[in-house]
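# Structural characterization, general
Listed here are the chains, written in short residue letters.
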Amino acid sequence: SKAEGRERERERGWRMPRDSTTLTFVIVGEETPIYECEIKAGAKREETVNYLHEFVLHASLDNIDEAIWTTQSCYLKQVDRYYDLTVSAYATSSLVKFLLLHDSKNDDGIRNFFHDIHEYYIKIMLNPFHTPTTKIKSKPFDEKVKLLAQKYLL
């Protein structure tokens, strides 16, 4: 199976090529991303690596949909892995999903990051001109995401 193949490659020491810490954060509305942020990219990433991150995050959505119904917590913890990359997720009561692709282990920091982002997301949603499917293009929101990432994840 695919999981067994990944495990064999992991045992052989194969790792995803990268030039720094991987932190990609995405908010998925009903079916589409409404906010995306490469939090720390180090050197400029190749376009193929960015596509790989999008693919891994998109592939984890099915696991998130299953995990939502197995817990009462908003924080779903680790929902998927791809070699040394991990996808952690958080689902709001309106089933908006927060996804974080990372390569480090920091459960408490990730939980706090998601919790604080949820508070800022609610403030964005309180704007009467913003709908749940509208892309978030707010500079203050973007700055808050990066500030919280620095505080909790880096």
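Above this text you will find the structure in question.
Residue numbering note: each chain is counted from 1, following its sequence as written. Local features in this predicted model are restricted to residues of pLDDT 70 or higher, and side-chain atom pairs are both shown and tallied only at a pLDDT of 80 or more, whereas totals for entire chains, interfaces and linings draw on every residue. No hydrogens and no water enter the side-chain calculation; it runs on all heavy atoms of the structure.

Moving on to the overall build of the protein. Helices and strands together make up the secondary structure of the protein, namely five helices and five strands. Numbering goes from the N terminus for both helices and strands, where a helix is a DSSP run of H or I of at least four residues and a strand is a run of E of at least two. Secondary structure elements in the protein, listed N-terminal to C-terminal, are α-β-β-α-α-β-β-β-α-α. Residue burial in the protein is summarised as follows: out of 154 residues, 43% are buried. Pairs at least 24 apart in sequence give 58% of the contacts found in the protein among residues at least 6 apart. Buried residues are those whose accessible area, probed at 1.4 Å on protein chains only, stays under 20% of the maximum for their type, while exposed residues exceed 50% and partly exposed ones sit between those limits. In this description, contact between two residues means that some pair of their heavy atoms is separated by no more than 4.5 Å.

Attention now moves to helix α3 (residues 61-68). Residue pairs three or four apart in sequence face the same way in an α-helix, which turns once every 3.6 residues. Inspection of α3 places Leu-61, Ile-64, Ala-67 and Ile-68 among the buried residues, and these make up the whole buried set. Along α3, the residues classed as buried sweep out an arc of 120 degrees about the axis, all on the same side. Relative to its buried face, α3 has exposed residues pointing more than 90 degrees away, namely Asp-62 and Glu-66. In this description, the arc belongs to the directions extending from the helix axis to the C-beta atoms.

All right, on to the nonpolar core then. Residue types Ala, Val, Leu, Ile, Met, Phe, Trp, Tyr and Cys, when buried and joined through side-chain atoms within 4.5 Å, form a set referred to as a nonpolar core. With 25 residues, the main nonpolar core has Phe-25, Ile-27 and Phe-113 as its most contacted residues. Elements with a contribution of two residues or more to this core: β1 (23-28), β2 (33-40), β5 (97-102), α4 (107-125) and α5 (139-152). Sorting elements by how many residues they give to this core places α4 first, with six residues. Once you skip the residues sitting within four places of it in the chain, Ile-27 turns out to touch Thr-32, Pro-33, Ile-34, Tyr-35, Val-96, Lys-97, Phe-98, Tyr-121, Ile-136 and Phe-141. In this structure, Leu-61, Leu-76, Ala-91 and Leu-101 belong to the second largest nonpolar core, which totals 17 residues.

A few words on the pairing of strand β3 (residues 75-82). Here β3 runs beside strand β4 (residues 85-91); their pairing, made up of six bridges, is antiparallel. Within the sheet, the bridge partner assigned to Asp-80 lies in β4 and is Val-87. The hairpin formed by β3 and β4 contains two residues between the paired strands, and Tyr-83 there has a positive phi angle of roughly 55 degrees. Strands qualify as paired when DSSP identifies two bridges or more between them.

This paragraph deals with α4. Multiplying 1.5 Å by the residue count of a helix minus one yields the expected span of that helix. In a regular helix each residue adds 1.5 Å, so 19 residues correspond to 27 Å; α4 covers 27 Å between its end C-alpha atoms and thus fits that length. Considered for burial, the residues of α4 that qualify are Gly-109, Ile-110, Phe-113, Phe-114, Asp-116, Ile-117, His-118, Tyr-121 and Ile-124.

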